[in-house]
Structure formats: C-alpha cells, structure tokens
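Understanding the architecture of this molecule
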Amino acid sequence: MRRRNGMKGLTRRETLVSGIALGALPTLSAAETTAPSTDHQLWYRQPAQAWTEALPVGNGRLGAMVFGRVAQERLQLNSDTLWAGSPYDPNNPDALAALPRVRALLAEGRYKEATDLASAKMMAKPLSQMPYGSLGDLLVTFAGATRPADYRRDLDLASGVATTRYGSGGAAQTREVFASAPDQVIVVRLTAQGGTLDFDITHRAPHAVAIPREQYVEGAAPPAATTVDWLQHETAGPARPGVTVAADGATAMLVTGRNEAANGIPAGLRYAVQVVAVGDGTITSGPDGLSVRGARHVTLLIAAATSYVGLGDQGADPVAIVRSVAKAAAGKSYAALRRAHVADHAALYGGMTIDLGTNAAAAALPTDRRIAAGESGRDPGLAALYVRYARYLLIASSRPGTQPANLQGIWNEGTTPPWGSKYTININTEMNYWPADPAGLGLCVEPLLRMTEELAVSGARTARAMYGAGGWVAHHNTDLWRATAPIDGPLWGLWPCGGAWLCNTLFSHWDHNRSAAVLGRLYPLMVGATRFFLDTLIEDPKGRGLVTSPSVSPENLHPFGSSLCVGPAMDRQIIRDLFANTVVAGKRLGRDAAWLDTVAAARAKIAPDRIGAQGQLQEWLEDWDAQAPDPQHRHVSHLYAVYPSGQINLRDTPELIEAAKVSLRRRGDLSTGWATAWRVCLWARMGEGDHAHDVLNGLLGPKRTYPNMFDAHPPFQIDGNFGGTAGILEMLVQSWGDTLHLLPALPGAWPTGAISGFRARGDLRVDLQWRDGRPQALTIRGPAGSTVTVRAGKEDFTAKLSAAGRYSRRWS
C-alpha cells in the first residue's frame, strides 16, 4: 500500500480529492482529475456491446449511458421527470367498507377469504403505477471507421468524466462525456489529433426493451476481446408517433415528443431534447439530425427537459427551456464547462476516502475482469472501488431539486423498465439512501425528503379514503405522481408502513447532521405518519399488544397460502422507531408535549419481538417460520430491527441478536443483488466481519454485478450498489446506541487500511486508520466541547472534543 504525505494508506490522489489534511474541499486541476488511476476508475479494453456494459454519467436531473463504440457512439438519455401517465387518483372507494370484514377474516384465520376480499375491494385503481421512461438514444455515426488500435474507455469517478481513446487511420481519437450540474447539459467533446472527424448525429425514439438474463448473471466469464464487434452499428428504428426531429438553426437539432400512457392513465407530459454542435469543421443541420465534416474538435451540448413542474403543474415549455439552457452553455468554452463540472462534482465526491488495501495484480486488470474474479475475495481494492462507485452514482442520480434515485437511479434503457423503475418503498428506495450520510453525501438526501413531503399530501387522501384515518399512509410503491394506494395485489401491496419507513430513514439523516432546518421539515411528516397508526393500530385478540391489520411481511408468503396477516414483526419494529423518533423530534423542537406522552404510551403497548421454537426471531406474530414455503426468501423484513434500525443490538439485546442470526442463517447468504447487500449489512451490524465479507464476495462477483459494476437483481437495480456500500462501511465504523464503534466487523481480508470523512450520528466526522486489525489513528470532528462514547474492540473510552470541535488519538 502506497503511503505519502504522512497519511498511511492514502495515495496523493486520494489526499487531494478528499482534502482531509485541512478538512477543506480542494480545488483540483484538470491534470489531477484525469490522471490514470485504477483507484478511481472503471476502465475497459473494448466498447460496450450491452447496456449493462455502458458507463453512466448524470447530474441528478439528466443521465446518459455512454457505450464508447468506434463506428457509432450510442448515448442513451434520461430525464428524471420523464415518467408515463399524468396526475391520477388511485384510491379505491370500496376499501373503507371492506376493511372491518378483512380484519375479522384475518382474526379468524381465514386468510384466503381475507385475501380474496382485499383483492376485490381494497386495491388501487389502476392496479399498477406509472413506469419511468427514456428520452431515447443519440447515435453518432462516423464515416470511414476502422478497427482501432490502443483502445481504452473509462469512467473517472473523481472527475465524473467518461473518456474513450483509440487510434484510427493515423489519428488519435478522444471523446469525453460528462453531465454538468452547473450548466444543466450533457457535454460531449470529440477530438482527432493528426486527422479529422466526419460524423452524423441522429435520434432514436424510446422503445420497449426486453431484459434478458444475460450470461454475466449466470456467472459466465465476460466474452473474450475477439468476440467484440468493433464496428457495431444500430438502426434508428421505426418512426414513433408524436416524436419529431427537426433542424433548430444552422448547428442544432431539436427532438420533441410526449410521454407514454400507461395502465389506463393518459399521457400528460411533453419533452424536448436539443443538441447543439460547436466546432471547427463544417456543421449542418437537417430534418434527420446534424452532420459534421472535416472537424478536428467538436463539442456537443445536449439539453433536455419535460413539461413537469410539480404535482399540480405540468405546464412548463420544454422547448423554451432547452433552447435557453443550450444557448447559455454554448456561450462558454469547453474548458470552462469542464472546469465548472469537475469543481462541482469534486466538492461532493471529495468528501470521503476509503482504502482497504491493494492486490497489485488484481488492480492492474480492466474492471470487467476484476468483477469476473470478484467472488475470490482476494481483491480488497475492488470493494473500495465499489464504495467509490456507489458514491459517484448517488451524486449523479440524486441532487437537491431533482427527483430521488429510483430503482435504477436515473438510468433506464426504455419504456418498459423492470418493475417500472419506480420507488419501491418496502426496502429498495430506503436502501438507496443507507450509505448517503455515512459516506458524506447527506446533501443528496434532499430529494427523498421532498418526495416524502409530497407523499404526505397524497397519503392523507389515501388514509381517509381507505382507512377512515387521520395522518397519512403510503404502501409499498410510488411514482412521479406520488400515488400511495396499495398496488399489484394484496400479496405485495397491502402493506401500510412505506411512509413510516421513509420517515425513519429521514430521521436517521437528521441524526447524522442535526440540522434544525431538516428537523423542521421532517417533524410534520412524522406527526402525520404517527397519527395514522394511532388511528389504525388494533388490539391483538390474544392480548399480545397493538398490531397492524391488514398487512404483509414484505413480500413473503406464510404457511396459509397468502402473505396477508396481522402484525408482522417488521411493522411493529418500524412503528416503534417511528413513535420513538417522533417523541425525540417533538421534544427537541419543544412541541406537542401532551400528545407526545400519548405516542410514548402507545409505543409501549406495541407487541414485542418474539423468539420461536427453533430459536429464530419470528417473522410473524405466530411461530410460522419453519412452515413458510420459501425459507430463503429474498426479503429479511423481520430483521429490520437489527439493520437499519438498532432496536436489536449486541449490547442491549444479545438474546434477540442470537435469534436474528438463526433467522439469517435459515434465509441463506446469497439472494438477489439487493437482498445479498442487506445480508452484508446485517452480518456486519451483528459483528460477524468474516461472514459479512464472504457474503460481500458473492455480491461483487459476476452473478450479482454487471461488467459496468451496476448491481444485478437480476436485472439491474441500483439499490444493491448502495446497500453493498452501506455494508462495507458498517464493517469499518458504526454509530448506534449513542456510541461510536470502531472496526466492529473488520474482516481478516482487510487488516490494514484507512477511511476518512465518515459521518456518524451526532453530527460527527470520523477519520480512522488501522493496521493488523487494530486502530492506529483516530480523528473525530463535531460540535465543540461535546463528548463521544467510543468502543474500539473491548476498549471503551470517552472522547472530549475541543473548543475547535476536534479530538485525536493514536495507538502505539
């Protein structure tokens, strides 16, 4: 491991990017942010054939997948507000009348009848929500392309720039692509040193895409370089009604269209994409696109927008927006655009660094080959790269003012994405944000808070219409239009705790930064979610406490042919957290003292967690686990109390921790990508570092990670990237129970390393170095004069922060 600048385990590049020496965000030169470094790069020796080999860029609002092809570059485009449909009311007017009968049938154990009635009377109309869409593809077709020499494409995570380099016809060809947040455009820079560029730009309309189970998911090795189609072309595809391409001035093209109708909901959005070419050759525009001839360098500026303003306003003019944005960007030089983008990206990306050690032979391999060998566990640098990549993805897909990261972040190939690429709020959306605060990206959580504020409005209508309750509720999915009624069917959708889990996730966000502004926005949401449950919790007929009814343990069948049940463990755990967090927030704000006493009293009456006959933590109120038809179900919902919560923990509830281990062993280590990531988090939280590392190896290998390092459910879901990263961080530093835990689950595979910029609860920033499995140096920054309880191995000590808000310690 290289050691420079007196910082053990950190390269000069990591030190520059993080600014940890002075605790300040750095200004990086272009040379520093583009210098070759496998520490901060995904790189390949061949272009992308499949979408899951292409490299993502994004600015939170716009996204692109860059294929790096030689004869025809493909840029697949997305906008965060291009979803199908239009505002709609999915609440079922029959639900409220059916609710008492469904509850009675469940209490009598008549699960099939309860499920049939709920299916007929309590589900949303329509039964499915709206899918996320795509802006289609820009195809850049080059004249006279030949098989290249010295080909390389990469994505530099530190600068946020995707680059393709190769030699062709005696010329050195270079393309750089980035999505600029400051200028709100995707920028493509094409240069030819020792030659010229001749190419045409056309647009291919978005289309339905079939998602196959690709050979990488089955664990096969990536194809050899000889199988690559170096001169691959794709056709423009059939014309699509409503999508038009036209010249827009001498050097620009304009694409306009409408979103999709879906599930009986009409289309309600317009979109526009403008592409402006600036260069030294001959540039012409026509009815099919742009043509460039004889250029040595060309910059393409891609602006995109929809008519979506908000839930009550879809009246923006996307054509006017893209013309204005592109014109402003065209008034700047490429160097100025790039500098602004890199500085903006680095201010976020540079907030945290991680070093887990290096296997030099593995680190020298292209990324797809590292992933192919990822299950070996002999490449600690791959796990660190996975963390860096997840941080990059969150920066690229979730910025203040944008939509939150959905099931695929911001990247989606077509109009029929897997599971609609929606917000699945019975685990997946929350998992997207598990690493945000610990990894120093709390700024990226703002879209989730704003979405929850919007859900509270629509969720109040659902609470009244379906349950006759106050407050607000959201079930297991939502979309751009913030639908909150239960969808898909009662086996999946009739779960009332989605909004509550979002509130708990956001409370954890506040706990990491202690922002008064965040708590002021969050508290009303928590109050509303709490009021809903105060109105809808019922007494268990067997006297075990307050429970939900009806509900499910997502998305698992119990032994009686249904998932519909009363009071599953996850509900009780989530509501306990919600009530406790609401009390803490209200007292901190000095509000609602008498009502908060009522909340605390109700929390004490919630049915407690139970240990079953096999020694397992029960998933349901009844001891059904051993008879459940899918003992290795992907969801481990009843272990929410272990992680992301801390209700069940090693210090306070050792018997329940042992029961949780029994449950998790029965579930199995490997599942879908995101479910495997949750298992990593759980084993780490329970102090089982080597076990967590073994599970992580399965996540990092080719069965659950695509060549471009996207998580494979399969198919692609981005939550596995974020959940796996959260698990890696949990092995190194944890903060729960008012204690900072150092190296609580460090695996033997990472004996020496460093992490800086980790954020812990209590508004703390932690820098930690370790050697031979033991801490070597610790720095904590936080509120001046505060004290922190720290646990390092078997040692407990109190860290007293100075008047400057700093504490440091070294171990001999």
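Definitions and cut-offs
- Residues numbered from 1 in each chain as written.
- Predicted model: local features only at pLDDT ≥ 70, side-chain atom pairs only at ≥ 80, totals over all residues.
- Heavy atoms only, no water.
- Helix = DSSP H or I, 4+ residues; strand = E, 2+ residues; numbered from the N terminus.
- Rg over C-alpha atoms; globule rule 2.2 N^0.38 Å.
- Buried < 20%, exposed > 50% of the residue type's maximum accessible area, 1.4 Å probe, protein only.
- Contact = heavy atoms within 4.5 Å.
- Areas by Shrake-Rupley, 256 points an atom, 1.4 Å probe, with all protein chains shown as cover.
- Lys, Arg positive; Asp, Glu negative; His and termini not counted.
- Charge placed at Lys NZ, Arg CZ, Asp CG, Glu CD.
- Pairing = 2+ DSSP bridges.
- Axes fitted to C-alpha atoms, helices over the stretch in contact; angles between N-to-C directions.
- pLDDT = per-residue confidence, 0-100.
- Disulfide = S-S within 2.5 Å.
- Phe/Tyr/Trp six-rings, centres within 6.5 Å; stacked < 30°, edge-to-face > 60°.
- Expected span 1.5 Å × (residues − 1).
- Bend = angle between axes of the 7 residues up to and from the residue.

**Description of the overall build of the chain**
Helix and strand counts for the chain come out as 20 helices and 31 strands. Its C-alpha atoms give the chain a radius of gyration of 26 Å, near enough to 28 Å, the size a compact globule of 812 residues would have. Expressed as lengths along the three principal axes of its C-alpha atoms, the size of the chain is roughly 80 × 70 × 50 Å. Counting every position in the chain, which comprises 812 residues, the buried fraction comes to 64%. Nonlocal contacts in the chain, meaning residues at least 24 apart in sequence, comprise 69% of its contacts between residues at least 6 apart. Accessible surface, the chain: about 26,900 Å² in total, of which carbon and sulfur atoms supply 53%. If the 80 positive side-chain charges of the chain are averaged to one point and the 73 negative ones to another, these points end up 4 Å apart.

**Points about the sheet that holds strand S13 (residues 270-279)**
Across the sheet, 9 strands lie side by side as S1-S6-S7-S8-S9-S16-S13-S12-S11; this open sheet has antiparallel pairing. The open sheet has two edge strands, strand S1 (41-44) and strand S11 (244-247), and neither has a second partner. Within this sheet the neighbouring strands show an average axis-to-axis angle of 15 degrees, counted without direction. Where strand S12 (residues 252-258) meets S13, 7 bridges bridge the pair, whose relative direction is antiparallel. Looking at S13, one finds that Gly257 is bridged to Tyr271. Contacts between helix H5 (residues 318-330) and the sheet are confined to strand S9 (185-193), S12, S13 and strand S16 (297-306), with S16 contributing the most and set at about 150 degrees to the helix. Its contacts with the sheet place helix H6 (residues 334-349) against strand S7 (161-168), strand S8 (171-180), S9 and S16, and it is angled at close to 50 degrees to S8.

**Focus: the sheet that holds strand S30 (residues 795-800)**
Strand order in the open sheet formed by 4 strands is S24-S25-S29-S30, with mixed pairing between adjacent strands. At either end of the open sheet lies a strand with only one pairing partner, and these are strand S24 (733-736) and S30. This sheet shows a mean twist of 25 degrees between the axes of neighbouring strands, independent of strand direction. Pairing of strand S29 (residues 787-792) with S30, which is carried by 6 bridges, proceeds in the antiparallel orientation. When the bridges of S30 are listed, Val788 appears paired with Ala799. Here helix H20 (residues 719-732) sits on the sheet in contact with S24 and strand S25 (739-742), set at roughly 85 degrees to S24.

**Considerations on the confidence of the model for the chain**
With 93% of its residues at a pLDDT of 70 or more, the chain shows a mean pLDDT of 93. Across residues 1-36 the pLDDT falls below 50, and counting only partners more than four positions away or on other chains, this stretch makes 79 contacts in the model. Across residues 214-226, confidence stays below pLDDT 50; counting only partners more than four residues off in sequence or on other chains, it has 26 contacts.

**With respect to the state of the cysteines**
Inspection of the entire model under this criterion finds 0 disulfides. Of the cysteine sulfurs around Cys444, a residue in no disulfide, the closest is that of Cys681, at 18 Å. A disulfide-free cysteine, Cys503 has its sulfur positioned 11 Å from the sulfur of Cys497, the nearest such atom.

**Some remarks on the side chain of Thr705**
Relative to the assigned elements, Thr705 resides in the loop between helix H19 (689-700) and H20. A relative accessible area of 2% places Thr705 in the buried class. Non-local contacts of Thr705, meaning those with residues more than four positions away in its chain, are made with Ile371, Tyr386, Leu699, Leu700, Phe710 and Ala712.

**Considering the packing of aromatic side chains**
Under the definition given, this model contains 25 aromatic pairs. Residues Phe142 and Phe199 carry aromatic rings whose centres are separated by 5.5 Å and whose planes lie at 55 degrees to one another, so their mutual orientation is tilted. A residue pair is termed long-range when its members are at least 10 positions apart, and Phe142 in strand S5 (residues 136-142) and Phe199 in strand S10 (residues 197-204) qualify at 57 residues. With relative accessibility at 1%, the residue Phe199 sits in the buried group. Summarising the aromatic geometry, the rings of Trp501 and Trp678 are spaced 6.4 Å apart at their centres and angled 45 degrees between planes, so their arrangement reads as tilted.

**Brief notes about helix H11 (residues 446-467)**
At 3.6 residues per turn, the α-helix brings residues three or four places apart onto the same side. Given a rise of 1.5 Å per residue, 22 residues ought to cover 32 Å, and the 30 Å separating the end C-alpha atoms of H11 matches this to within 8%. The sharpest bend along H11 comes to roughly 30 degrees, located at Ser458. Counting buried positions along H11 yields 17 of 22 residues, so the element is predominantly enclosed. Just past H11, the residue Gly468 takes up positive phi, approximately 60 degrees.

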